[in-house]
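Close look at the chain arrangement
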Amino acid sequence: MRIARFSIDGNVAFGAVEGDKQDELVLDIIKGIPFADFELSGTKVPLSKVRLLPPVLPNKVVAYGRNYAEHAEELGNEVPDAPFAFFKPSTSVIGPGDEIQYPPFSQDLHHEAELAVVIGRMCREVPRERVADVILGYTCANDVTARDVQRREKQWARAKGFDTSCPLGPWVETDLDLATASDLTIQLTVNGEQRQLGRTSEMIHSIADLIVNITEAMTLLPGDVILTGTPAGVGPLSVGDEVAVTIEGIGTLTNKVVKRG
């Protein structure tokens with residue numbers, strides 16, 4: 001099931017996305033929330049009539065850096081022996097079609113296409129054999145990064161945590177099992193030109209590795225998001241660019257870069 005969060009006529013709801021052709025997609029409005037038992041209402045609205053929102057509002061976004069060897073190498077970094085986590089605040093999250101605001105304190109903004117894991121239940125100290133049980137589904141993400149700030153400040157709070165630096169969407173795909181999600185094509189285009197192309201099977205540390213790693217330290221809540229790293233090919237974004245992340249079996253997340261202010 002593809003679960004989207006959307007607004008229509010000032011109201012916010014979740015809906016199941018139905019259909020195959022983009023111009024014919026409809027939303028069957030969900031009664032309840034996707035983190036508990038729910039029913040489909042049978043009330044359907046065309047996707048073209050709603051505004052898609054970030055598919056979840058995470059309490060926290062846990063991101064993992066340097067999880068693809070070629071990406072680590074292209075930036076001159078060593079491949080970490082253990083998963084390397086950092087955070088993006090909830091205020092960094094935007095949805096499909098929302099604008100990425102170029103921060104005024106940077107002159108070198110980069111794109112980073114990533115598979116995002118959406119947590120479906122509260123969990124802590126998750127054993128490897130139970131990882132699949134805590135996953136609601138998967139979505140597309142763009143870990144937008146102020147690369148010059150990242151290099152200059154060494155720690156990454158401002159470089160990766162500024163407002164609008166975490167586009168998510170267009171929806172959460174719940175029908176992918178862990179094995180399938182671990183070998184998907186992930187690509188990114190800027191103004192239609194391909195910049196990144198890889199497979200999630202190229203991750204150094206697997207999805208299960210990352211969930212085990214972070215839940216050793218902290219509790220994850222329903223709707224929390226884990227970013228799993230980016231393949232090689234990261235590069236600059238400019239004001240006016242349209243950037244699109246496409247992941248096999250999930251969909252495409254598109255955002256435009258604008259000047260803040």
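Up top you'll find the structure we're talking about.
Residues numbered from 1 in each chain as written. Predicted model: local features only at pLDDT ≥ 70, side-chain atom pairs only at ≥ 80, totals over all residues. Heavy atoms only, no water.

A separate point is the nonpolar core. Of all hydrophobic cores here, the largest spans 45 residues; its most connected members are Ile135, Tyr138, Ile207, Ile211, Ile226, Ile247 and Ile250. Going through the elements one at a time, strand E6 (61-65), strand E9 (99-102), strand E11 (113-119), strand E12 (135-142), strand E15 (185-190), helix H5 (207-215), strand E19 (242-247) and strand E20 (251-259) are the ones with two or more residues in this core. Each residue touching Ile135, except ones within four places of it in the same chain, is listed here: Val117, Val118, Gly120, Leu178, Ile207 and Ile211. (Core = buried A, V, L, I, M, F, W, Y, C linked by side-chain atoms within 4.5 Å. Buried < 20%, exposed > 50% of the residue type's maximum accessible area, 1.4 Å probe, protein only. Helix = DSSP H or I, 4+ residues; strand = E, 2+ residues; numbered from the N terminus. Contact = heavy atoms within 4.5 Å.)

Right, let's talk about the sheet that holds E9 for a bit. Hydrogen bonds along the backbone pair up the strands of a sheet, which may run parallel or antiparallel. Strand order in the open sheet formed by five strands is E9-E20-E19-E15-E16, and the pairing between neighbours is mixed. Two strands in the sheet have a free side with no partner beyond their single neighbour: E9 and strand E16 (193-199). Neighbouring strand axes in the sheet, compared pairwise and without regard to direction, differ in orientation by 20° on average. Both E19 and E20 contribute to a ladder of six bridges, which runs antiparallel. Directly across from Ile247, in E20, lies its bridge partner Gly251. (Pairing = 2+ DSSP bridges. Axes fitted to C-alpha atoms, helices over the stretch in contact; angles between N-to-C directions.)

Below, the discussion takes up the layout of surface pockets. Gaps left between atoms show up when a probe the size of a water molecule is rolled over them. As a volume, the largest pocket reaches approximately 260 Å³. If you trace the largest pocket, you find 19 residues lining it, with Arg66, Leu75, Asn77, Gln150 and Trp156 closest to the centre. Counting only elements with at least two residues in the lining of the largest pocket, the list comes to E6 and helix H2 (147-153). Of all the elements, H2 adds the most residues to the lining of the largest pocket, at three residues. Residues belonging to the lining of the largest pocket are distributed by class as follows: four nonpolar, seven polar and eight charged. (1 Å grid on protein atoms, 1.4 Å probe; cavity = no way out; pocket = protein on both sides within 12 Å on 5 of 7 lines; lining within 4 Å. Points joined across faces, edges and corners; volume = space filled by probe spheres on them. Nonpolar A, V, L, I, M, F, W, Y, C, P; charged D, E, K, R; others polar.)

Let's shift gears to the sheet that holds strand E13 (residues 145-146). Strand order in the open sheet formed by three strands is E13-E10-E18, and the pairing between neighbours is antiparallel. The sheet is open, and its two borders are formed by E13 and strand E18 (235-237), each paired with just one other strand.

One pass over the structure, following the stated rule, counts 14 salt bridges. The residue Lys160 makes a salt bridge to Asp143 at a minimum N-O spacing of 2.7 Å. Placement of the pair is Lys160 in helix H3 (residues 157-161) and Asp143 in the loop between E12 and E13, with a sequence separation of 17 residues. Asp143 shares its class with Lys160; the two are buried. Linked by salt bridges that have partners in common, Lys88, Glu112, Asp143, Arg147 and Lys160 make up one network. (Salt bridge = Lys/Arg side-chain N within 4 Å of Asp/Glu carboxyl O.)

Turning to the packing of aromatic side chains, a few remarks are in order. On inspection of all chains with the given rule, the structure shows three aromatic pairs. Here the aromatic rings of Phe84 and Trp156 are separated by 5.2 Å at their centres, their planes lie at 65°, and the arrangement is edge-to-face. A residue pair is termed long-range when its members are at least 10 positions apart, and Phe84 in strand E7 (residues 84-88) and Trp156 in the loop between H2 and H3 qualify at 72 residues. Accessibility expressed as a relative area gives 33% for Phe84, which makes it partly exposed. (Phe/Tyr/Trp six-rings, centres within 6.5 Å; stacked < 30°, edge-to-face > 60°.)

Everything listed here is a matter of coordinates, which is why it stays silent on function.
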